[in-house]
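Close look at the chain arrangement
The residues making up each chain are set out below.
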Amino acid sequence: MSRPRKVALVGNPNAGKSALFNALTGARQKIANYPGVTVERKSGRFILPTGEPVEMTDLPGAYGLDPTSPDEEVTSKVISGRFPGEAAPDVLVVVLDASNLEQHLVFAQEVLALGKPAVVALNMVDLAERDGLTLDPGVLEEELGVRVVPTVAVRRRGLSELGEAIAAAEARHPGPGLTNLKPTERRVAAHAMADAAILSESKRHRLHARLDRVLLNPWLGPVILLVLLFVVFQAVFAWATPFADALDAGVGWLHDGVKAVMPAGLVRDLITDGIIAGVGAVVVFLPQIVILFAFILAMEASGYMARAAFLMDRLMAHVGLSGRSFIPLLSSFACAIPGIMATRSISDPKDRLTTILIAPMMTCSARLPVYAVIIAAFIPNTNVGGGVGLQGLVLFALYVAGVLGAMLVALILRRSVTKGAASGFIMELPKYQLPRLKDMAIGLWQRAWIFLRRAGTIIFTVTVVLWVLLNFPQAKPGESQVDASIAGKLANGLSVVVEPIGFNRDMALALIPAMAAREVAVSSLATTYAVDASDDDDRQAAELGDQLKSRWTLPMALAFLAWFVFAPQCMSTIAVTRRETNGWKWPAFMLAYLFGLAYAAAGLTYWIAVSAGL
Ligand SMILES: Nc1nc2c(ncn2[C@@H]2O[C@H](COP(=O)(O)OP(=O)(O)OP(=O)(O)O)[C@@H](O)[C@H]2O)c(=O)[nH]1
Ligand SMILES: [Mg+2]
């Protein structure tokens with residue numbers, strides 16, 4: 001008896017080949033690896049309507065017969081019969097995504113040009129219909145010279161027609177319209193063919209398809225994403241300034257008002273130098289937070305964020321992560337805690353662990369006040385040309401530094417501690433939509449409220465405790481209060497450790513309470529300088545920015561920024577890591593490597609800046 005005929009499913013990634021394979025072969029499947037490569041080989045038995053049993057294989061998705069990956073190489077070799085120990089398929093089933101016809105037709109033409117017996121499964125017609133597309137398979141049959149069968153793999157629609165077409169498929173002489181085409185000519189032909197096959201198309205679908213062509217373009221897409229993020233960070237500074245100034249004036253007015261009406265003494269100092277200076281220093285960054293989240297929410301609601309994840313998927317694959325990690329990492333830009341919790345959606349345990357370990361390097365919104373206060377004090381508000389502000393540029397660079405650091409660490413971890421292959425990523429791209437104003441307003445309000453609640457609870461508490469530690473024991477006349485205080489003594493101890501990376505005592509002091517929440521670094525500095533300044537009656541408690549400028553050098557400020565890019569300055573993140581990884585091993589690892597990285601980054605920044613004469 002001769003062996004059963006072989007039928008292979010080919011097509012672009014995500015055309016629905018595996019779904020179709022599962023629908024056709026049911027439980028009669030064998031899964032193995034192709035010999036010599038770690039590419040999965042799936043085959044199964046399928047009985048044609050004629051009663052003839054065939055062996056069906058599900059090939060890895062490919063974009064062309066010139067392979068660019070091990071997966072594509074397997075596909076290309078199997079189709080052409082060049083894979084050792086693997087008989088060439090007798091019939092090819094070319095699977096197309098009907099809702100993405102133009103793109104899928106490019107590879108289809110290349111495969112059909114081989115002239116093998118073939119049929120086309122026009123899959124996902126349900127999605128095409130949803131998008132307002134009406135397709136004519138007849139037009140495609142004429143152009144491609146093979147049977148075209150509309151299918152919906154996940155609903156088992158069109159399967160028996162597909163079976164009949166497979167049974168009837170025979171070798172052909174592909175027309176001149178298919179053979180000898182250069183890749184660019186194939187694109188042009190695919191465009192024309194798709195145009196002809198689409199009988200009607202809603203205006204909206206055309207617009208969305210055009211948007212996707214630009215935004216998901218492998219070259220243009222990442223550039224657009226980068227430019228967009230760049231604009232966001234410019235806006236965070238440029239637009240926030242008037243509001244931040246107003247808030248700042250309000251805090252100053254409150255400070256002076258309380259000072260004027262209350263009798264001098266420790267209670268008044270606690271309220272003015274502790275609470276108002278400390279909490280106020282953080283609250284003035286509310287406009288920046290709101291602007292940042294306005295952009296993030298708009299990108300989410302419009303459907304762009306999913307496209308960004310799609311673009312990032314390829315990039316992330318280079319460091320051994322899948323696009324699945326993108327959403328958790330993205331939410332870590334708000335805060336690492338929900339980000340780490342969102343990693344539960346990652347099924348591969350090592351993928352997940354890697355994502356957890358790098359999540360704290362995504363710049364959370366608690367860092368924004370720290371960055372903003374230092375940048376405002378040390379980076380001149382100048383234009384570097386083309387309307388690009390230097391302050392926004394530095395802020396952007398800090399975010400990029402965090403992301404690059406995370407990618408680098410992922411790369412190293414995936415080759416050592418969390419070794420393993422990256423898993424695939426399938427994602428539905430939502431439709432584009434105009435963000436609804438009401439949803440945006442609610443989202444922004446929630447964000448603002450979270451920020452203010454932190455200011456009112458954790459930041460308030462830590463600031464008060466710090467103020468107490470800064471004021472006791474009271475200094476003898478002539479002695480500096482900060483030097484005499486418990487906090488000052490603790491900081492002096494710590495500054496031995498951080499002196500080599502350029503930090504002074506006040507910076508060391510700010511690091512301790514910042515473990516509770518990063519923003520507290522700002523309130524801590526504000527409180528320290530307020531306490532310090534009130535020693536000295538000639539020197540009025542100046543603005544925090546002016547204080548920083550007179551007490552820190554530029555290399556110190558830059559080193560402080562570099563520290564905050566990497567340092568695990570937040571106990572809640574450590575706690576949630578412990579919970580999500582069931583033990584202390586990984587949070588301890590995280591603490592150690594992040595502190596090490598922060599120390600090295602700050603030290604390098606400081607010494608490079610010093611030797612550059614900054
Ligand atoms: N709505 C709809 N979804 C489908 C259809 N066929 C497949 N899908 C879904 O599309 C996604 C991709 O399908 P797969 O079968 O994994 O695609 P594939 O071609 O095997 O992809 P690769 O293995 O990456 O090349 C899955 O989520 C399927 O459930 C269809 O006809 N209609
Ligand atoms: Mg598949």
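Worth saying up front: this structure is predicted, and the values here are computed from it rather than measured.

Description of empty space enclosed by the protein
Throughout the structure, instances matching the rule amount to 1 cavity of 30 Å³ or more. Approximately 30 Å³ is the volume found for the largest cavity. Residue lining of the largest cavity: Pro360, Arg518, Pro568, Cys570, Thr573 and Ile574, and that is the complete set. Among the residues making up the lining of the largest cavity, the classes are represented as 4 nonpolar, 1 polar and 1 charged.

Thoughts on the sheet that holds strand 4 (residues 53-58)
Pairing is mixed in the open sheet, where 7 strands are placed in the order 2-3-4-1-5-6-8. On the outer flanks of this sheet lie strand 2 (29-33) and strand 8 (148-150), each paired with one strand and no other. If you compare each strand with its neighbour and ignore which way they point, the axes differ by 25° on average. Pairing geometry for strand 1 (residues 6-11) and strand 5 (residues 91-97), over 5 bridges, is parallel. Looking across to strand 5, one finds that Val10 is bridged to Val94. Of the strands in this sheet, strand 1, strand 5 and strand 6 (118-123) touch helix 3 (residues 101-112), which is tilted by about 165° from strand 5. Relative to strand 6, helix 6 (residues 159-168) is tilted by about 165°, and along the sheet it contacts strand 1, strand 3 (40-47), strand 4, strand 5, strand 6 and strand 8.

A short note on helix 8 (residues 203-215)
End to end, helix 8 covers 18 Å across 13 residues, agreeing with the expected 18 Å (1.5 Å per residue, within 8%). Among all positions in helix 8, only His205, His208, Asp212 and Leu215 are buried. All buried residues of helix 8 project into a common sector of 100° when viewed along the axis, lining one side. In helix 8, the exposed residues that point more than 90 degrees away from the buried face are Lys203 and Leu207. Next to the buried residues of helix 8 lie strand 7 (133-135), strand 9 (198-201), helix 9 (220-238) and helix 13 (304-318).

Here we look at the confidence of the model for the protein chain
Averaged over all residues, the pLDDT of the protein chain is 87; the fraction at 70 or higher stands at 96%. Strand 2 is the least confidently modelled element of the protein chain, averaging 73 in pLDDT, while strand 6 averages 97, the highest of any element. For this predicted complex, the interface confidence score (ipTM) comes to 0.98, while the overall pTM stands at 0.63.

Observations concerning the UniProt feature "transmembrane region" (unreviewed entry) in the protein chain
Those places that UniProt annotates as "transmembrane region" (unreviewed entry) correspond, in this numbering, to residues 214-240, 275-297, 355-379, 391-413, 450-470, 554-576 and 588-609. Within the segment residues 275-297, helix and strand shares are 91% and 0% respectively, and the terminal C-alpha atoms sit 32 Å apart.

A look at the packing of aromatic side chains
Scanning all chains against the criterion turns up 14 aromatic pairs. Both rings, one in Phe378 and one in Trp552, keep their centres 6.2 Å apart while their planes meet at 25°; by these two values the pair is stacked. Of the two residues, Phe378 sits in helix 17 (residues 367-378) while Trp552 sits in the loop between helix 24 (544-551) and helix 25 (554-566), which places them 174 residues apart along the sequence. Residues Phe378 and Trp552 agree in their burial class; the two are buried. An aromatic cluster of three or more residues is present, and its members are Phe378, Phe503, Trp552, Phe560, Trp563, Phe564 and Phe595. Over the ring of Tyr432 we find Arg307, and its NZ or CZ is 3.9 Å from the ring centre.

Some details on the site of ligand 1
Taken together, 16 residues lie around ligand 1, and Asn14, Lys17, Ser18, Ala19 and Asp126 are the ones closest in. Contacts to ligand 1 include Lys17, whose side-chain N or O atom sits 2.7 Å from an oxygen atom. Between ligand 1 and Ser18 there is a distance of 2.8 Å, counted from an oxygen atom to a side-chain nitrogen or oxygen. For ligand 1, the protein covers 75% of the area, taking 650 Å² as the surface of the free molecule. Elements represented by at least two residues in the shell around ligand 1 include exactly helix 1 (17-25) and helix 4 (125-130). Considering each element in turn, the shell around ligand 1 owes the most residues, 3 residues, to helix 1. For the shell around ligand 1, the class distribution of residues is 8 nonpolar, 6 polar and 2 charged.

Concerning helix 7 (residues 183-197)
The terminal C-alpha atoms of helix 7, which comprises 15 residues, lie 21 Å apart, in line with the 21 Å expected from a rise of 1.5 Å per residue. Those residues of helix 7 not exposed but buried are Arg186, Ala189, Ala190, Met193, Ala194 and Ala197. Down the axis of helix 7, the buried side of the element spans an arc of 135°, and every buried residue falls inside it. Those residues of helix 7 that are exposed and aimed more than 90 degrees away from the buried face are Thr184, Arg187 and Val188. Tucked into the core, helix 7 has its buried residues touching helix 3, strand 7, helix 5 (137-144) and strand 9.

Brief notes about the packing of helix 9 against helix 18 (residues 390-415)
Relative orientation of the contacting elements helix 9 and helix 18 amounts to 125°, with a least axis distance of 8 Å. For the element pair helix 9 / helix 18, the angle class is oblique. When the axes of helix 9 and helix 18 are compared, the crossing they make is right-handed. Here helix 9 contributes Leu226, Leu229, Phe230, Phe233, Gln234, Val236 and Phe237 to the contact with helix 18, which in turn contributes Gln391, Gly392, Leu393, Leu395, Phe396 and Tyr399. Of the residues in the contact of helix 9 with helix 18, the class split is 10 nonpolar, 3 polar and no charged.

Some remarks on the environment of Asn471
Here Asn471 is to be found in helix 19 (residues 437-471). The spatial distance from the C-alpha of Asn471 to the C-alpha of Val531 is 7.7 Å, given a sequence separation of 60 residues. Beyond its immediate chain neighbours, meaning those up to four positions away, Asn471 contacts Leu266, Gln481, Ser485 and Val531. Of the polar contacts made by the side chain of Asn471, one reaches the backbone oxygen of Trp467; its length is 2.8 Å.

Overview of the layout of surface pockets
For the second largest pocket, the calculated volume is near 1,100 Å³. Taken together, 43 residues form the lining of the second largest pocket, with Asp248, Val284, Glu543, Leu544 and Gly545 sitting closest to its centre. Of all the elements in the fold, those that place two or more residues in the lining of the second largest pocket are helix 9, helix 10 (240-261), helix 11 (266-283), helix 17, helix 18, helix 23 (520-535) and helix 24. In the lining of the second largest pocket, the residues fall into 22 nonpolar, 14 polar and 7 charged.

Conventions we followed
- Along each chain, residue indices are assigned from 1 in the same order as the chain's sequence is written.
- Labels follow written order: the first chain is A, the first ligand is 1, and so on.
- Given that the model is predicted, a residue must reach a pLDDT of at least 70 before its local features are reported, and side-chain atom pairs must reach 80 or more before they are shown or counted; all residues, however, enter totals for whole chains, interfaces and linings.
- Side-chain metrics rest on all non-hydrogen atoms present in the structure, leaving aside hydrogens and water.
- Cavity means a closed set of points on a 1 Å grid over the protein atoms alone, one where a 1.4 Å probe fits but cannot get out, pocket means an open set with protein on both sides within 12 Å along at least 5 of 7 lines, and lining means a residue has an atom within 4 Å of a point.
- Grid points are joined across faces, edges and corners, and a volume is the space filled by probe spheres set on the points.
- Each residue gets one label: Ala, Val, Leu, Ile, Met, Phe, Trp, Tyr, Cys and Pro are nonpolar, Asp, Glu, Lys and Arg are charged, and the others, such as Gly, are polar.
- In this analysis, strands are considered paired if DSSP registers two or more bridges between them.
- Secondary structure counts use DSSP, requiring at least four H or I residues in a row for a helix and at least two E residues in a row for a strand, with both numbered from the N terminus.
- Whenever a helix is involved, its axis is fitted only over the stretch in contact; in every case the axis is a line through C-alpha atoms, and angles between N-to-C directions fall within 0 to 180 degrees.
- In this description, contact between two residues means that some pair of their heavy atoms is separated by no more than 4.5 Å.
- Here, expected helix span is obtained from the residue count minus one, scaled by 1.5 Å.
- Remark: exposure states derive from per-residue accessible area (1.4 Å probe, protein chains only) relative to the maximum for the residue type, with buried under 20%, exposed over 50%, and partly exposed in between.
- The directions considered for the arc are those from the helix axis to the C-beta atoms.
- pLDDT expresses how confident the predictor is about each individual residue, on a scale running from 0 to 100.
- UniProt positions are given in the numbering used here, feature names are shortened, and annotations may be inferred rather than shown by experiment.
- Pairing of aromatic rings covers Phe, Tyr and the six-membered ring of Trp, with a centre-to-centre limit of 6.5 Å; geometry is then stacked below 30 degrees between planes, edge-to-face above 60, and tilted otherwise.
- Distance and angle both matter: a charge sits over a ring if NZ of Lys or CZ of Arg is within 6 Å of the ring centre and within 35 degrees of the ring normal.
- Near residues are defined by distance, with any heavy atom within 4 Å of the molecule or strand qualifying the residue.
- Nitrogen and oxygen atoms within 3.5 Å of one another constitute a polar contact, given that in protein one can donate a hydrogen and the other can accept it, and given that sequence-neighbouring residues count only through two side-chain atoms.
- Areas reported as accessible are Shrake-Rupley estimates using a 1.4 Å probe. Residue values count occlusion only from the protein chains shown.
- Note on angle classes: values under 35 degrees are labelled roughly parallel, values over 145 roughly antiparallel, values of 65 to 115 roughly perpendicular, and the remainder oblique.
- By definition, turning the near helix anticlockwise from the far helix through less than a right angle yields a left-handed crossing, and turning it clockwise yields a right-handed one.

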